[in-house]
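Tertiary structure, described
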Amino acid sequence: MWSTRSSGLVVLQASLLILRFAATTSAIGVNYGTIANNLPKPAEVANFLKTKTTIDAIKLFDANPEILRAFANTNISVTVSVGNGDIPALVQLPAAKNWVAANIVPFYPSTKIIRVVVGNEIMQSANKDWIYNLVPAMKSINNALIEAGIKDIKISTPNTLGFLGVSEPPSAGKFREGYDKDIIAPMLEFLRETKSAFMINPYPYFNYADSISDYILFKPNKGVYDPNTRITYSNMFDAQIDAVYSAMRALGYSDVPIVVAETGWPSAGDPRESSATVDNAASFNWNLIQKVNSGKGTPLMPNKQFETYIFALFNENQKPGATSERNFGLFKQDFTPTQPQPQPTDKKFCVPIPNTNPQSLQGNLDWVCSQGIDCAPIQPGGSCFEPNTLWSHAQYAMNAYYALKGRRDDNDCHFKQTALLTTNNPSYGSCVYA
């Protein structure tokens, strides 16, 4: 277990371990919530993230001026939020211009504000005044930014997966009738026009059941089969994202990128919240970080790296509701981690470096299969044929070569500098990596 000491060395080691996989492209960020009375000052938080971690993106649930000032000149990307109750008024351009003048102009560009999100989980609110004014408010704030001479801050809004009318199997995903054409389609059209992203909050935690715990926690499992695509999903996170993608595709907006605005796991809960444990939180968050930064994408969106924000940076001791709501943080208020480092393993697997180009992947795959390595598992009908993607097949082949040729790290997992070693087992379902 981690020590509760708050010495600089422990904090440095913990934070680097927790987020050592964060990529320079801001693949992994954190949600910085502040519903607490014991949090460190924003200036301390900014300094901690900049000097002791690899986190380079945060998402706020407001436009707190003290936080925005604290993050000036840190080069940490910041997403700010408009309150749900402010949405109806902001439909009017004068009100939107006032909001931008008060919450963006004084801090930008010293503070690297990259996005304004309008409300949070509005579709789930059942407040029709918010819901039907959401897209007009998004457009109004975008216009206000442009009039202020700011053209590189994007507009979006985070959505729960409750807006799906159908989510299983992932290939059949559809938005709820009524909202699909009246709200979602105009929103996606706006996002396409402004080159922004569709933001979602997938939480496998809320679907937890002991019978599918490995599937939810990214651990080896038999998987869940989609009969339409003949794809076996190895984790719920991928399935949830692909269900949203399928719903977007059904409306004709498969080209709009997806950002994961929130996902996470609590490290403590009420007695009835048996899955809210330190071990489960560590397993989910660590595996999530590795999965996102692998660049592998999902079965329906292969070879993509999704901008993802873990919920949350700190435990928030004043959040209402169940105990779990106050224990989603990666860190305590003294910057010590809430979750242990996963146990080290001597098992290593050879996988492609994220964003390896298709030509290199195909070359690696062809070369391995010409060297006497058994590639039958990635042929039609084989245990690793699905997902039928170049990335997945090349990864299997590269690891098979590494495993069977002596596991000499420098020589057998090189592939002209397109491979790396990981302790994260890529096995899934009946597909077992050597």
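Structure report, in brief. (Residues numbered from 1 in each chain as written. Predicted model: local features only at pLDDT ≥ 70, side-chain atom pairs only at ≥ 80, totals over all residues. Heavy atoms only, no water.)

Once that is clear, we can look at the overall build of the protein chain. Helix and strand counts for the protein chain come out as 12 helices and 15 strands. Against the globule reference of 22 Å for 434 residues, the protein chain gives a C-alpha radius of gyration of 22 Å, in line with a compact fold. Its C-alpha atoms give the protein chain principal-axis dimensions of roughly 70 × 55 × 45 Å. Buried positions account for 53% of the 434 residues belonging to the protein chain. For the protein chain, restricting intrachain contacts to residue pairs at least 6 apart in sequence, the fraction spanning at least 24 positions comes to 72%. Summing over all exposed atoms, the protein chain offers an accessible surface of approximately 18500 Å²; the carbon and sulfur share of this is 49%. One way to put it: in the protein chain the 36 positive side-chain charges average out to a point 4 Å from where the 36 negative ones average out. (Helix = DSSP H or I, 4+ residues; strand = E, 2+ residues; numbered from the N terminus. Rg over C-alpha atoms; globule rule 2.2 N^0.38 Å. Buried < 20%, exposed > 50% of the residue type's maximum accessible area, 1.4 Å probe, protein only. Contact = heavy atoms within 4.5 Å. Areas by Shrake-Rupley, 256 points an atom, 1.4 Å probe, with all protein chains shown as cover. Lys, Arg positive; Asp, Glu negative; His and termini not counted. Charge placed at Lys NZ, Arg CZ, Asp CG, Glu CD.)

In this section: the packing of aromatic side chains. Scanning the entire structure with this criterion turns up 23 aromatic pairs. Among the aromatic side chains, those forming a connected cluster through ring pairs are Phe61, Tyr203, Tyr205, Phe206, Tyr208, Phe218, Phe237, Trp265, Phe284, Phe311 and Phe328. (Phe/Tyr/Trp six-rings, centres within 6.5 Å; stacked < 30°, edge-to-face > 60°.)

In the contact formed by helix H10 (residues 358-369) and helix H11 (residues 390-404), the axes pass within 9 Å of each other and the chain directions differ by 45°. What the angle tells us is that H10 and H11 run oblique. Remark: the crossing between H10 and H11 carries left-handed chirality. On H11, the residues that touch Pro358, Leu361, Gln362, Asn364, Leu365, Trp367 and Val368 of H10 are Leu390, Trp391, His393, Ala394, Ala397, Met398 and Tyr401. Grouping the amino acids of the contact of H10 with H11 by side-chain chemistry returns 11 nonpolar, 3 polar and no charged. (Axes fitted to C-alpha atoms, helices over the stretch in contact; angles between N-to-C directions. Parallel < 35°, antiparallel > 145°, perpendicular 65-115°, else oblique. Left-handed = near helix turned anticlockwise from the far one by under 90°. Nonpolar A, V, L, I, M, F, W, Y, C, P; charged D, E, K, R; others polar.)

Next up on the list: H11. Quick reminder: α-helices carry 3.6 residues per turn. Residues three or four places apart thus point the same way. Counted at 1.5 Å a residue, the expected span for H11 with its 15 residues is 21 Å, and the 21 Å between its end C-alpha atoms agrees. Of all the 15 residues making up H11, 13 are buried; the element is thus mostly covered by neighbouring parts of the structure. (Expected span 1.5 Å × (residues − 1).)

Attention now moves to the state of the cysteines. Scanning all chains against the criterion turns up 3 disulfides. Between Cys350 and Cys413 runs a disulfide, and the two sulfur atoms are separated by 2.1 Å. An S-S torsion of about 90° defines the bridge between Cys350 and Cys413 as right-handed. Taken together, the positions of Cys350 in strand S14 (residues 349-352) and Cys413 in the loop between helix H12 (409-412) and strand S15 (419-422) put the pair 63 residues apart, joining distant regions of the chain. A sulfur-sulfur separation of 2.0 Å characterises the disulfide bridge that pairs Cys369 with Cys375. Since a negative S-S torsion denotes a left-handed disulfide, the Cys369-Cys375 link at about -100° is left-handed. What connects to what in the protein chain, once the bonded cysteines are numbered by sequence position, is 1-5, 2-3, 4-6. (Disulfide = S-S within 2.5 Å.)

Buried within helix H2 (residues 42-52) are the following residues: Pro42, Val45, Ala46, Phe48 and Leu49. Angular distribution of buried residues about the axis of H2 spans 160°; they occupy a single face of the element. (Arc of directions from axis to C-beta.)

On to the environment of Asn38. Here Asn38 is to be found in the loop between strand S1 (28-32) and H2. Once the C-alpha coordinates of Asn38 and Gln318 are considered, the two residues, 280 residues apart in sequence, prove to be 9.3 Å apart. For Asn38, the contacting residues outside a window of four places in its chain are Asn317 and Gln333.

Following the criterion strictly, the structure yields 6 salt bridges and no others. With its nearest N and O atoms 3.8 Å apart, the salt bridge here joins Glu189 to Arg192. One end of the pair, Glu189, and the other, Arg192, are both in helix H6 (residues 179-193), 3 residues apart, so they sit about a helical turn from each other. Residue class for Glu189 comes out partly exposed when judged on its relative accessible area of 27%. By sharing partners, the salt bridges in this structure join Glu189, Arg192 and Asp255 into a single network. (Salt bridge = Lys/Arg side-chain N within 4 Å of Asp/Glu carboxyl O.)

Let's shift gears to the sheet that holds strand S5 (residues 154-156). Strand pairing in a sheet is mediated by backbone hydrogen bonds. Such pairs are either parallel or antiparallel. Ordered in space as S5-S4-S3-S2-S1-S13-S12-S9-S6, the 9 strands form an open sheet in which the pairing is parallel. The sheet is open, and its two borders are formed by S5 and strand S6 (158-160), each paired with just one other strand. Recorded for the sheet is a direction-independent mean angle of 25° between the axes of neighbouring strands. As judged from the 3 bridges shared by strand S2 (residues 57-60) and strand S3 (residues 77-82), these two strands associate in the parallel manner. Looking at S3, one finds that Ala57 is bridged to Ser77. Strands strand S9 (198-201) and strand S12 (258-263) of the sheet are contacted by helix H8 (residues 236-250), whose axis makes an angle of about 135° with S12. (Pairing = 2+ DSSP bridges.)

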